[in-house]
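Per-entry structural report
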There are 2 protein chains.
Amino acid sequence: MDAALSGKTIAILGTGLLGASIGLALRQRGHRGTILGVGRRRKTLDEAQALGAIDEGLLEVAPAVARADLAILAVPLSGFEALFAAVAAAEHEGLILTDVGSTKASVLAQAQAHLRYPERFVGAHPMAGSEKQGPEAAQADLFVGKPCILTPQTNTDPGALALVESFWAALGMKLLRMDAAEHDRQTALTSHLPHTAAVMLMHVAMARGGWDVASTGFTSTTRLASSNPPMRADIMMANRAALLEALDAMDLQMVSLRGLLQAGDEAALVQWLEQARDRRDQWLADAPGA
Amino acid sequence: MDAALSGKTIAILGTGLLGASIGLALRQRGHRGTILGVGRRRKTLDEAQALGAIDEGLLEVAPAVARADLAILAVPLSGFEALFAAVAAAEHEGLILTDVGSTKASVLAQAQAHLRYPERFVGAHPMAGSEKQGPEAAQADLFVGKPCILTPQTNTDPGALALVESFWAALGMKLLRMDAAEHDRQTALTSHLPHTAAVMLMHVAMARGGWDVASTGFTSTTRLASSNPPMRADIMMANRAALLEALDAMDLQMVSLRGLLQAGDEAALVQWLEQARDRRDQWLADAPGA
């Protein structure tokens, strides 16, 4: 465990799958400070505590934040606005903040609007997750080797950035700094667009059929359609502008493909398929964890 | 092994992954008749023979067909036209034919055009495969529990249909009869459209980026983009009309999604996502092999 984190009191605001996994990972990696968990239901907090993910569970944000050196916002995106307001009520000069939100521009805007010291909030998107939910699905190694995007701004406090980087690195993540808007643009292209494509493919089959011949290819291409609907709707709404641009990019591909099919140029079609296959093979070789 | 197949000489025309897997499966399931393999390269035939997938390898179609009771066309779709012509040159009254082609209307039209006894050809689409190629990737259990669509026509010989059904059932497949046009329409919706969506998602990322944040969701949604390009281009060209209709259906979904996002109606978005998730969960429960 990094010396910078030694003995620090860490408050995990939201003890679902991600929050509880953070607690388990901190413990497994030797964190000796207190780990507080905040949740809306006593049962979830008790589960997280029984698993060893937190030392103490609180139903209120303020008393946890008041004691914390570092607090992590680990709730669904739709809960951020209220959570920032609750954090602000107990904010103190010694507090540093980070989060797990899947979109970043909207979260930074909320931090700016609510916090007294927004320069001590360092936005993060730990790219780890699971289709499962709740503390019982938590895993201490959930973050190991996965990328964590950090979106510091020009006014971010250097000490806050250093501590937050130590924190995510301590969980075994590979850190990457990126502008918040660029993060949102990229996730729209390779995360939110694939998710919506999976859902649209399901709706095509629901409207037009094809079930008798649906097989393993359909299963993998539509896998993301089984993701949690409210969580996904939150992400889509928070990143709406970038997702609409990604849909425009998909439209251009639809037009290209239609042109290739209508022209009946099989050589051009093979080339179009080869370009995608080669790029995918290269990407898998470069990113073996993906 | 079914009594109807007992002692029959079976010619596998094309000893790649599918052809060699057929031979291995026949042997493993106790077929006692001769298994002939036909291929264009001696090396591939020798590999198939060394694996025990065929008893004898021939470089010419005619002598194999002349000896066979049942012949299976197991080459890529682009090779069907030439293969039907070669089969026709050695066709005899005792010969029954089936195939492994992924589209059916074009294959049936070719059978009708070339064969002297097209009523003895029973189109089949065994829904089993692999991203790998060649006899070395063959598996005796490739077909077990998978669906096999048969597309008999009104003039199909009942004896031919019975033998072909015995054959695919003997490999452990679940048989399903379907009209050829309906087969092609359904595969366009839940097989060829998902494949092209995977390729289009790759091209979107190639044009617009997103690689820094691409993760496991991108991997599974684009998995089909790693499929063999010439084989896929063959399928897309052979099933072009149905694929264009499937792209129209996808366009309608793009319009719906854009409308939901622009309206900003999160409840409607959640419902749209829930419908797809619920249908997918139901489908996975109904088709546990998928």
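The following paragraphs examine the structure supplied in this document. (Residues numbered from 1 in each chain as written. Chains lettered and ligands numbered in written order. Predicted model: local features only at pLDDT ≥ 70, side-chain atom pairs only at ≥ 80, totals over all residues. Heavy atoms only, no water.)

1. Some thoughts on the overall build of chain A
When helices and strands are counted, chain A shows 11 helices and nine strands. For 290 residues, the compact-globule formula gives about 19 Å, and the C-alpha radius of gyration of chain A, at 21 Å, lands near that figure. Dimensions of chain A, computed from the C-alpha atoms along their principal axes, are close to 70 × 40 × 35 Å. Every one of the 290 residues in chain A was classed for burial, and the buried ones make up 57%. Summed over all atoms, the accessible surface of chain A reaches about 11,100 Å², with 50% contributed by carbon and sulfur. On chain A, the mean spot of the 25 positive side-chain charges and the mean spot of the 31 negative ones are 4 Å from each other. (Helix = DSSP H or I, 4+ residues; strand = E, 2+ residues; numbered from the N terminus. Rg over C-alpha atoms; globule rule 2.2 N^0.38 Å. Buried < 20%, exposed > 50% of the residue type's maximum accessible area, 1.4 Å probe, protein only. Areas by Shrake-Rupley, 256 points an atom, 1.4 Å probe, with all protein chains shown as cover. Lys, Arg positive; Asp, Glu negative; His and termini not counted. Charge placed at Lys NZ, Arg CZ, Asp CG, Glu CD.)

2. Re the interface of chain B and chain A
Taken residue by residue, the interface counts 83 residues in chain B and 83 residues in chain A. Here chain B meets chain A over a buried area of about 8,400 Å², counting both sides, of which 69% is carbon and sulfur. Summed over the three residues of chain B that lose the most area to chain A, namely B:R208, B:V213 and B:R280, the buried surface amounts to 9% of that side. Our count for the chain B to chain A interface comes out at six salt bridges. Between B:D251 and A:R258 there is a salt bridge, and its shortest N-O distance comes to 2.6 Å. Counting across the interface, chain B meets chain A through 28 residue pairs in polar contact (both at pLDDT 80 or more). Elements with a contribution of two residues or more to the side of chain B that touches chain A: helix 7 (180–208), helix 8 (216–221), helix 9 (229–238), helix 10 (240–263) and helix 11 (266–286) of chain B. Counting residues per element, the side of chain B that touches chain A draws most heavily on helix 7 of chain B, at 20 residues. Of the residues contributing to the side of chain B that touches chain A, the split by class is 43 nonpolar, 23 polar and 17 charged. (Contact = heavy atoms within 4.5 Å. Buried area = accessible area lost by both parts, 1.4 Å probe. Salt bridge = Lys/Arg side-chain N within 4 Å of Asp/Glu carboxyl O. Polar contact = N/O pair within 3.5 Å; in protein donor to acceptor, adjacent residues only side chain to side chain. Nonpolar A, V, L, I, M, F, W, Y, C, P; charged D, E, K, R; others polar.)

Worth remembering: the numbers are spatial, not functional.
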